[in-house]
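Architecture and fold: a report
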Amino acid sequence: MGRSKNEFLKATLAALHYSGAANLAARNIPKAGVILMLHHVTPEKPRGFEPNGILKVTPEFLDAVIDTVRGEGFEIIGLDDVKARLENGQSDRKPFAVFTLDDGYKDNLDFAYPIFKRHEAPFTIYVPTAYADGEGDLWWLVLEEALRRLPNLKIDRDGRPHIYSLGTDAEKTAAFEAIYWWLRRMPEARARAITCELASQAGFDPLALCRRLVMNWDEIRSLAGDPLVTIAAHTCNHFALAKLPLSEATREIADSVARVSEELGQPCRHFSYPYGDEGSAGEREFEIARNLGIETAVTTRKGLVGKSNASTMTALPRLSLNGDFQDQRSVKVLLSGLPFALRNGVKRALSPLRRGGTATSRVGTLHPGNEPAGG
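Below is a summary of the structure that appears in this document. (Residues numbered from 1 in each chain as written. Predicted model: local features only at pLDDT ≥ 70, side-chain atom pairs only at ≥ 80, totals over all residues. Heavy atoms only, no water.)

Moving on, we get to the overall build of the protein. Scanning the protein from terminus to terminus reveals 15 helices and twelve strands. Out of the 375 residues belonging to the protein, those deemed buried represent 54%. Counting only contacts in the protein whose residues sit at least 6 apart along the sequence, the fraction spanning at least 24 positions is 74%. Only carbon and sulfur atoms are counted for the fraction: they give 51% of the accessible area of the protein, which is about 16,400 Å². (Helix = DSSP H or I, 4+ residues; strand = E, 2+ residues; numbered from the N terminus. Buried < 20%, exposed > 50% of the residue type's maximum accessible area, 1.4 Å probe, protein only. Contact = heavy atoms within 4.5 Å. Areas by Shrake-Rupley, 256 points an atom, 1.4 Å probe, with all protein chains shown as cover.)

The next thing to look at is the pairing of strand β5 (residues 96-102). Here β5 lies mainly inside the structure; seven of its seven residues are buried. Because side chains alternate across β5, one face comprises the buried residues Phe96, Val98, Thr100 and Asp102, and the other comprises Ala97, Phe99 and Leu101, equally buried. As paired strands, strand β4 (residues 75-76) and β5 are joined by two bridges and run parallel to one another. Bridged to glutamate 75 within β5 is phenylalanine 96. Relative to strand β6 (residues 123-127), β5 runs parallel, the two sharing four bridges. Within the sheet, the bridge partner assigned to aspartate 102 lies in β6 and is tyrosine 126. (Pairing = 2+ DSSP bridges.)

Moving on to the packing of aromatic side chains. Scanning all chains against the criterion turns up nine aromatic pairs. Between phenylalanine 116 and phenylalanine 123 the ring centres are 4.3 Å apart and the planes differ by 15°, which places this aromatic pair in the stacked class. There is no split in this pair, since phenylalanine 116 and phenylalanine 123 are both buried. (Phe/Tyr/Trp six-rings, centres within 6.5 Å; stacked < 30°, edge-to-face > 60°.)

One pass over the structure, following the stated rule, counts 22 salt bridges. The salt bridge involving aspartate 158 is made with arginine 190; its shortest N-O contact spans 4.0 Å. Remark: arginine 190 occurs in helix α9 (residues 188-202) and aspartate 158 occurs in the loop between β7 (152-157) and β8 (160-165); sequence separation between them is 32 residues. For aspartate 158, a relative accessible area of 54% corresponds to the exposed category. Residue classification places arginine 190 among the partly exposed residues on the basis of a relative accessible area of 38%. One connected set of salt bridges, linked through shared partners, spans Asp133, Asp218, Arg221, Arg259 and Glu263. (Salt bridge = Lys/Arg side-chain N within 4 Å of Asp/Glu carboxyl O.)

Among the nonpolar cores identified, the biggest contains 62 residues, and Leu62, Val69, Phe99, Phe116 and Ile231 are the most heavily contacted of them. Residues Leu143, Leu147, Leu183 and Ala202 belong to the second largest nonpolar core, which totals 36 residues. (Core = buried A, V, L, I, M, F, W, Y, C linked by side-chain atoms within 4.5 Å.)

Here we take up the side chain of threonine 235. Summarising the element assignment, threonine 235 is placed in the loop between β9 (229-233) and α12 (246-264). Residue threonine 235 is classed as buried on the basis of its relative accessible area of 0%. Setting aside chain neighbours within four positions, we find threonine 235 in contact with Val127, Pro128, Thr129, Leu241, Glu252, Ser256, Phe271 and Pro274.

With that out of the way, let us pick up the packing of helix α11 (residues 217-224) against α12. Between α11 and α12, the shortest axis-to-axis distance is 10 Å and the interhelical angle comes to 75°. One way to sum up the angle between α11 and α12 is to call them roughly perpendicular. Every residue of α12 that contacts α11 at Trp217, Ile220, Arg221 and Ala224 is listed here: Arg259, Val260, Glu263 and Leu264. Across the contact of α11 with α12, the residue classes break down as five nonpolar, no polar and three charged. (Axes fitted to C-alpha atoms, helices over the stretch in contact; angles between N-to-C directions. Parallel < 35°, antiparallel > 145°, perpendicular 65-115°, else oblique. Nonpolar A, V, L, I, M, F, W, Y, C, P; charged D, E, K, R; others polar.)

Attention shifts here to the packing of α12 against helix α13 (residues 283-291). Packed helix pairs are characterised by how far apart their axes lie and by the angle those axes make with each other. Interhelical geometry of α12 versus α13 gives an angle of 50° and a closest axis separation of 10 Å. The angle between the axes of α12 and α13 places the two elements in the oblique class. Considering the relative orientation of α12 and α13, their crossing is right-handed. Of α13, the residues touching α12 (which contributes Leu246, Ala249, Thr250 and Ile253) are Arg284, Glu285 and Ile288. Split by residue class, the contact of α12 with α13 holds four nonpolar, one polar and two charged. (Left-handed = near helix turned anticlockwise from the far one by under 90°.)

The next point concerns the environment of phenylalanine 340. By the secondary structure assignment, phenylalanine 340 is in helix α15 (residues 338-355). Look at phenylalanine 340 and you get buried, because its relative accessible area is 4%. Between the C-alpha atom of phenylalanine 340 and that of lysine 302, which follows or precedes it by 38 residues, the distance is 7.9 Å.

Below, the discussion takes up the pairing of β7. Side chains Leu153, Ile155 and Arg157 project from β7 onto a buried face, and the interleaved Asn152, Lys154 and Asp156 project onto a face without burial. In the sheet, β7 pairs with β8 via six bridges, with the strands oriented antiparallel. The residue bridging arginine 157 from the neighbouring strand is arginine 160, located in β8. Hairpin connection between β7 and β8: a loop of two residues separates the two successive antiparallel strands, and aspartate 158 in this loop has a positive phi of roughly 55°.

Mapped onto the elements of the fold, glutamate 87 is located in helix α4 (residues 82-88). By relative accessible area, which is 48% here, glutamate 87 ends up partly exposed. For the pair glutamate 87 and serine 308, spaced 221 residues apart in sequence, the C-alpha to C-alpha distance is 9.3 Å. Of note is the side chain of glutamate 87, whose polar atom sits 2.8 Å from the side chain of lysine 83. (Polar contact = N/O pair within 3.5 Å; in protein donor to acceptor, adjacent residues only side chain to side chain.)

Shape is all these values report; function is a separate question.
Encoded structure:
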């Protein structure tokens, strides 16, 4: 996300906080709950060039968020309890909060787990099975590492050579943004072949990155032994499922669920779509998950969970805990539901214009988003 957009969003969230609008909304906007999304939890200091830093939060921030969530009246529950909470629809119960972490990074075990344990707060980790095997392609991190190491880069983009100077952090960041979104638009195999070639040019093994950063099955099993922890599936290879043929997309989901069940010796009932945005997972993927008997499946579509989601259990929205927005005021505003109510109101107001063809711009969202890969 660009710096100017970040600053605008931060200013907007601060205005909603200090005006008291968020507090008023928190009391009046109906919500069943929220599913919170994280990736890395690490005490590492930010670097000058760190385009994936948006996926990192500090242990201190996570610790404070748990207190904030409870302080705002949410009850922290595990994923296994979500279906019953939505179906029962008891209006006298607190809204629920579910903590989820995608990809299975080692820092989840080293830094996140002790915090959840101290708070007695349940949480879920979604595991891509190839990553736990040490054979996963974290291509967005491979791209970052290659650009960090290379002094310059010449790359053929759609038949045209592009030359990137990588002498400064700003130049590296601009190159990452341009190349990342270009890769996101192409077939998975081609995108990963390109980042693999970049790793070769930069002189490192991309699989070594996976083995250094992601938990293996023994580490995952050590976590799964705690009743607070749910281990769930996140495909085998972290592909954008909507780009795949039906049979391959089905296999990615089904095989990952079966593998997690086999490794842990217990049923796997929950799933997360890689990337999770509209272009990576849609109605076809939601139906696949339903047909496979998956109890819940989460997207990265932004919003709180409402009672209506009882009928869309394989298309649940989440709220990202974003590395660029590690501020409890922002968290409180987002938990109030006000940014999403405003977004939906704007969409409804513009809908007639868009149908008439007079509105050409996309409606934005008052929520930190557009995260790199992750999800």
